[in-house]
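Letter by letter, the chains look like this.
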Amino acid sequence: MRKVASLSRLAITDEQVALYRHQLSDVLGYMERLRRLDLEGVEPLTHAGDTLNRMREDEVGAMLANEAAMGLSPERTGPFIKVPKVIGDGGGA
Amino acid sequence: MSASAIAAGVRNGDFSAVEVARGALERVEALNPALNAFIDVFREEAIARASEIDRARASGERLGPLAGVPVALKDNMCLSWGRTTCGSRMLARYRSPYTLTAGQRLIDAGAVVIGKANMDEFAMGSSGETSFFGATRNPHDHARVPGGSSSGSAAAVASGMVPVALGSDTGGSIRQPAGLCGIVGLKPTYGRVSRYGLVAYASSLDQIGPLGRTVEDCALVLEAIAGVDPNDGTTADMPGPALAGALDEPVEGPVIGVPRQAHDSHNHPGVVSALGGAIDAFVKMGARIVEVDLAHVAHGIAAYYLVASAEASSNLARFDGVRYGHRAALGPGEGLLDLYCRSRSEGFGPEVQRRIMLGTYALSSGYYDAYYNTALRVRRLIRRDYDAAFAPDEGTGAPACDAILMPSSPNPAFRLGEKSSDPLAMYLEDVYTVTVNLAGLPAITLPGTPTVVDGVALPLGVQLIGRAFDEARLLRLARMLEGAG
């Protein structure tokens, strides 16, 4: 449970570990029914649409002003987004 | 009053768009404290927009098909004003810098946005209870849920606050609440309506559609929002459905398929009679009812929750507390990883966390084949079941179905809190809706015969499922059933 939480980038409490383990075990137990199907030769279907992605011309269109996007950041210093130290102790995402 | 009657009245000058907007806002003010259908109401913006429409009419401009029609948008739809919260603490203060295509098309058609509708957090829920802004209540019984995840959209329409609303449907989030609130809800074919500006949950399944009180109103809204969009590469490059004139033309001798699997013994007795009532109505109109075998419906929930959660775990990875959204306050010695993990744990509620973890697990090394890939293969089998029902069977001589008829949920609206601590029980409420998204088909929920529970008449929905991109025929059949009831 802790491994999955960590891969999901979630910090969960001991109480949550117990609750989620119980609830997700129920759900995964239910999913086991899929394994009883004969899927020999059945190709995965990732997308219901029959058409491939359409490409558009690589032309400059309307776009957001820099400030409109940057202004959404919760913490800034001048033109930069502020984050904790990335390199060294305490960093390493 | 219906959306079509409002638009006609505004165009004819029977009443002004401002009068209509004021009426809607008064009703929201009176009813919303009890129902909690809206997260934000745009009083000033709505009156200003309505005044513009009245001015346009006064100066002789041609008004759009939705002139002056008050609408609510589910709060996972980005508008360039107000907040777009997605029902989450993560986005509780997020202000989108742009407007979604479907919303812009509604506005261009003359609609007046009254406010943003409450919803299950990130559209994950079947009851409206997972919203950070509190649960929405069912207008028919305030102790019961309105369904979800388009909970506020359904409650706002059912209580008459607005004639139509936009919702999004990833596994039934338009059709199930429409059924539980006694209104009409349409999920268009995947690719029919642009998803640009819709906060992504599961991108291969998400689709925007209308909720309204009549089939005609849903058709009117679909016509306004449908069509190719350069900003969404998955929108189909084909003409939109021409619906307006053709809606009242009945389908001659329609073939209606009823899946053997729709007669599940776990269905509430009211659901059984609502389905029976719809079958009888079609028979009286000269329809041929044929039994179809959607053999893999029983595996739909398992396949859907794996596929949707896997896509969600990837889509929601963007919420990292850095560029936008909630950021946790860090203590001394905490680093970047703490910022990610703590911002996400504080910002996401329990159901969103469960689905992110389920999806992460299903995609993780060693489990990918057993879970995610298996679910995708079952998805193909589900799609084949539908393809077979919509094609003539040369072996048995059975004709191709014009539509498939099913309930929209196995139970009427349940009590608030009844299923909220049991995720699996909640997921099983989606048994009749999820396979339609996995197959990418259009489907519409209509009010069926209500059922009386504890002395209260609770609505129940019946669902018609059509062929891909044949919303025109689906809506004509829906109009027939609506007219028969």
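Being a predicted model, the structure only gives us computed values, none of them experimental.

1. As for the state of the cysteines
Residue and element names in this part refer to chain B.
Piece 1. Here the structure, examined in full by the defined rule, presents zero disulfides over all chains.
Piece 2. Free of any disulfide, Cys86 has its nearest neighbouring cysteine sulfur in Cys78, separated by 8.1 Å.
Piece 3. The structure places no disulfide on Cys218, whose sulfur is separated from the nearest cysteine sulfur, that of Cys181, by 13 Å.

2. Some words on unusual backbone geometry
Residue and element names in this part refer to chain B.
Piece 1. Here the amide bond leading from Gly148 into Ser149 is cis, since omega sits at 10°, within 30 degrees of zero.
Piece 2. Residue position: Ser149 is located in the loop between β3 (112-117) and α5 (151-158).
Piece 3. Phi at Asp454 takes a positive value of approximately 50°, unusual for a residue other than glycine.
Piece 4. With respect to the helices and strands, the residue Asp454 is situated in the loop between β11 (451-453) and β12 (456-458).
Piece 5. On the basis of relative accessible area, Asp454 is assigned to the exposed category, the value being 58%.
Piece 6. Of note in this structure, Phe469 is not a glycine but carries a positive phi near 65°.
Piece 7. Tracing the chain through its elements places Phe469 in the loop between β13 (461-465) and α15 (471-484).
Piece 8. On the accessibility criterion, Phe469 (28% relative accessible area) is partly exposed.

3. Observations regarding the confidence of the model for chain A
Piece 1. Within chain A, residue pLDDT values average 87, and 88% of them lie at 70 or more.
Piece 2. Here helix α3 (residues 66-70) of chain A stands out as the least confident element of chain A, with mean pLDDT 88; helix α1 (residues 2-7) of chain A is the most confident, with 96.

4. Description of the interface of chain B and chain A
Piece 1. Every contact between the two is made by 69 residues of chain B and, on the other side, 53 residues of chain A.
Piece 2. Area buried by chain B at its contact with chain A is led by Arg327, Met357 and Arg377 of chain B, which between them contribute 13% of it.
Piece 3. Seen at the junction of chain B and chain A, the total is one salt bridge.
Piece 4. For the interface between chain B and chain A, the tally reads 22 residue pairs in polar contact (both at pLDDT 80 or more).
Piece 5. Secondary-structure elements contributing two or more residues to the side of chain B that touches chain A are α9 (300-315), α10 (336-347), α11 (350-363), α12 (369-389), α13 (423-428) and α14 (434-439) of chain B.

What counts and what doesn't
Residues numbered from 1 in each chain as written. Chains lettered and ligands numbered in written order. Predicted model: local features only at pLDDT ≥ 70, side-chain atom pairs only at ≥ 80, totals over all residues. Heavy atoms only, no water. Disulfide = S-S within 2.5 Å. Helix = DSSP H or I, 4+ residues; strand = E, 2+ residues; numbered from the N terminus. Buried < 20%, exposed > 50% of the residue type's maximum accessible area, 1.4 Å probe, protein only. pLDDT = per-residue confidence, 0-100. Contact = heavy atoms within 4.5 Å. Buried area = accessible area lost by both parts, 1.4 Å probe. Salt bridge = Lys/Arg side-chain N within 4 Å of Asp/Glu carboxyl O. Polar contact = N/O pair within 3.5 Å; in protein donor to acceptor, adjacent residues only side chain to side chain.

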